Amino acid sequence: RLWGGATNSGGELQIYNSATEDSNVDSWEFEANDFLQLGINTDEDLFIFDSTGNVGAQSYLPTGLVGHWPLNDGTGTSALDASLNTNTGTITAGAGAWSTDSPFRHSYDFDGADTLIDCGSDSTLDDITTLTLSLWLKADGLGEGSQGRLFSKGWFVRVQATEELRFTNFYSGTDGTWSSSSNELTHDTWHHLVLTYDNSDAGNDPIFYVDGQTITVNEDATPVGNPSSDALTSLIIGNETGQTTTF
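Now for a quick tour of the structure. This structure is a prediction, so every number in the text was calculated from the model and none was measured. (Residues numbered from 1 in each chain as written. Predicted model: local features only at pLDDT ≥ 70, side-chain atom pairs only at ≥ 80, totals over all residues. Heavy atoms only, no water.)

Within the chain, the secondary structure is distributed over 0 helices and 20 strands. A total of 247 residues make up the chain; the buried ones form 38% of that total. Taking the intrachain contacts of the chain between residues at least 6 apart in sequence as the baseline, contacts between residues at least 24 apart amount to 54%. Accessible surface for the chain amounts to roughly 12,400 Å². Of this, 45% is attributable to carbon and sulfur atoms. (Helix = DSSP H or I, 4+ residues; strand = E, 2+ residues; numbered from the N terminus. Buried < 20%, exposed > 50% of the residue type's maximum accessible area, 1.4 Å probe, protein only. Contact = heavy atoms within 4.5 Å. Areas by Shrake-Rupley, 256 points an atom, 1.4 Å probe, with all protein chains shown as cover.)

In structure tokens form, the structure reads like this:
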């Protein structure tokens, strides 16, 4: 476990390898503008103490989190997975590049032609029945062929004309497809998107959230048959395996 607290008037954060603020144990100090990332393949708790030593918050990475790619790496061709599963993404950059335009520390700027992040097809990512996707997005266009994908596996999410969101889940008969109303997104603006979908029943519809608010979802095609297995398909961020729908 790691414990932390703001221990001086300057508001610096210190992390202790002990449940008490004991100067005799290992500690790490973080000053203003320092970056702390926890959870690269760790299941440790994080306790935050206030200045009087009381626990103010506790954080834990849940085992149900199958992948978390913060894209805070800032350099190189890997996107580290901050879940417990080591599903590190491999970046094919094209003309894409790391960027400091981000709600946090870094982001990745996709080129609309070649960029993708391949996160593999580990069993932890395969054939998920109850799916939740979450991402931050800043779109300056619709991507390659106006079909740039945000995520893709046995399903995909993309932005389409008139700033709609579209979600498709592949089925053995007819693929299920749903879209939002127009103008749910604003170009060149950061948005937080969340999508949930339970494919255990073909009658279920996904739920879309934009910036914390649920939005209207329209069923464009009713799914028929059984959900198709995606066990041999990589999870791709910003494209799909055929590399023709770059975001």
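This brings us to the packing of aromatic side chains. The full count for this structure, using the stated rule, is 7 aromatic pairs. Judged by centre distance (5.1 Å) and plane angle (50°), the ring pair of Trp-178 and Tyr-197 falls under tilted. In this pair, Trp-178 sits in strand E15 (residues 176–180) while Tyr-197 sits in strand E16 (residues 191–198), placing the two residues 19 residues apart along the sequence. Residue classification places Trp-178 among the buried residues on the basis of a relative accessible area of 0%. Cluster of aromatic residues (ring-pair linked, three or more members): Trp-98, Tyr-108 and Phe-110. (Phe/Tyr/Trp six-rings, centres within 6.5 Å; stacked < 30°, edge-to-face > 60°.)

The strand order across the open sheet built from 9 strands is E6-E7-E10-E20-E12-E13-E14-E15-E19, with neighbouring strands paired in antiparallel fashion. The strands lining the two open edges of the sheet, one partner per strand, are strand E6 (78–79) and strand E19 (217–221). As paired strands, strand E12 (residues 149–152) and strand E20 (residues 236–237) are joined by 2 bridges and run antiparallel to one another. Following the sheet pairing, Phe-151 is matched in E20 by Ile-237. (Pairing = 2+ DSSP bridges.)

Turning next to the sheet that holds strand E11 (residues 130–137). In space, the 4 strands of this open sheet follow the order E11-E16-E17-E18, with antiparallel pairing throughout. Since the sheet does not close on itself, it has two edges, and those belong to E11 and strand E18 (213–215), each with one partner. Adjacent strand axes in the sheet meet at a mean angle of 25°, parallel and antiparallel pairs treated alike. In the sheet, E11 pairs with E16 via 8 bridges, with the strands oriented antiparallel. Bridge pairing in E16 places Trp-136 opposite His-192. (Axes fitted to C-alpha atoms, helices over the stretch in contact; angles between N-to-C directions.)

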